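Each chain is listed here by its residues.
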Amino acid sequence: MAGAVVLCAALAGCNATETLQASQTINKGYVIDQESLALVPVGSSREQVVLTLGTPSTSATFDNEVFYYISQKRVRNAAFMKAKVVDQRVLAVYFGDDGRVSNIANYGLQDGKLFDFISRTTPTAGKDQNFLMQLISGLAGGGGGGSRFPGL
């Protein structure tokens with residue numbers, strides 16, 4: 001009887017729908033809240049925007065300042081697979097010369113290509129080779145100078 005109680009308690013902690021679900025949805029960045037956005041109409045001050053919407057994801061200061069609030073929704077079918085971007089939103093708050101909101105734009109995937117805000121990689125010319133290909137091309141080319149290991 002005690003074994004049956006322990007087994008029932010152990011099975012009660014399991015949730016079959018969560019453990020069998022392979023797909024995973026990942027939300028990153030600023031999620032746009034329409035109620036908060038309504039509190040920042042055209043003509044609002046920069047301070048009011050920061051107090052209501054929070055610190056922007058990034059900003060630009062070319063001609064007039066622009067605050068960008070960025071979010072992405074990614075889905076991957078299994079934990080080991082690369083996540084695919086299914087939705088991207090960029091809320092842009094444009095300021096005029098007086099430091100007040102002049103325009104608010106909400107961009108998404110349909111507005112253009114996805115772009116990488118922080119790439120952390122620099123594209124280079126040439127061919128990208130893995131370790132094995134580098135080893136084979138090094139052996140085939142003779143290696144150039146003398147070997148550090150005599151007899152190899």
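As the structure is a computational prediction, the values presented were derived from the model and not from experiment.

Engineer: Describe the nonpolar core, and please don't skip the residues or the numbers.
Structural biologist: Burial of nonpolar side chains together is a common tendency in soluble globular proteins. Membership of the largest hydrophobic core is limited to eleven residues, which are Tyr30, Leu37, Val40, Val49, Leu53, Phe67, Tyr69, Leu91, Val93, Phe95 and Val101. Counting residues per element, the ones that place at least two in this core are α4 (46-53), β3 (66-76) and β4 (84-95). By residue number, the principal contributor to this core is β4, which donates three residues. Ignoring any residue separated from it by four or fewer positions in sequence, one finds Phe67 in contact with Arg46, Val49, Val50, Pro56, Thr58, Ser59, Leu91, Ala92, Val93 and Phe95.

Engineer: Account for the packing of aromatic side chains, with residues named and values stated.
Structural biologist: The tally for this structure, following the rule as stated, stands at two aromatic pairs. Measuring from ring centre to ring centre gives 4.9 Å for Phe67 and Phe95, while their planes differ by 70°; the resulting arrangement is edge-to-face. Separated by 28 residues along the polypeptide, Phe67 in strand β3 and Phe95 in strand β4 bring together distant segments of the chain. Since its relative accessible area comes to 5%, Phe67 is described here as buried.

Engineer: Which residues make up the pairing of strand β5 (residues 101-107), and what values do they have?
Structural biologist: Pairing analysis gives six bridges linking β4 to β5, with the strands arranged antiparallel. Within the sheet, the bridge partner assigned to Ala92 lies in β5 and is Ala105. If you look at the hairpin formed by β4 and β5, you'll find five residues sitting between the two strands, and Gly99 has a positive phi there, around 80°.

Engineer: Which residues make up the pairing of β4, and what values go with them?
Structural biologist: Sheet analysis places β3 next to β4, joined by ten bridges and oriented antiparallel. Bridged to Val66 within β4 is Tyr94.

What counts, and at which threshold
Residues numbered from 1 in each chain as written. Predicted model: local features only at pLDDT ≥ 70, side-chain atom pairs only at ≥ 80, totals over all residues. Heavy atoms only, no water. Core = buried A, V, L, I, M, F, W, Y, C linked by side-chain atoms within 4.5 Å. Buried < 20%, exposed > 50% of the residue type's maximum accessible area, 1.4 Å probe, protein only. Helix = DSSP H or I, 4+ residues; strand = E, 2+ residues; numbered from the N terminus. Contact = heavy atoms within 4.5 Å. Phe/Tyr/Trp six-rings, centres within 6.5 Å; stacked < 30°, edge-to-face > 60°. Pairing = 2+ DSSP bridges.

Everything listed here is a matter of geometry and, on its own, says nothing about what the molecule does.
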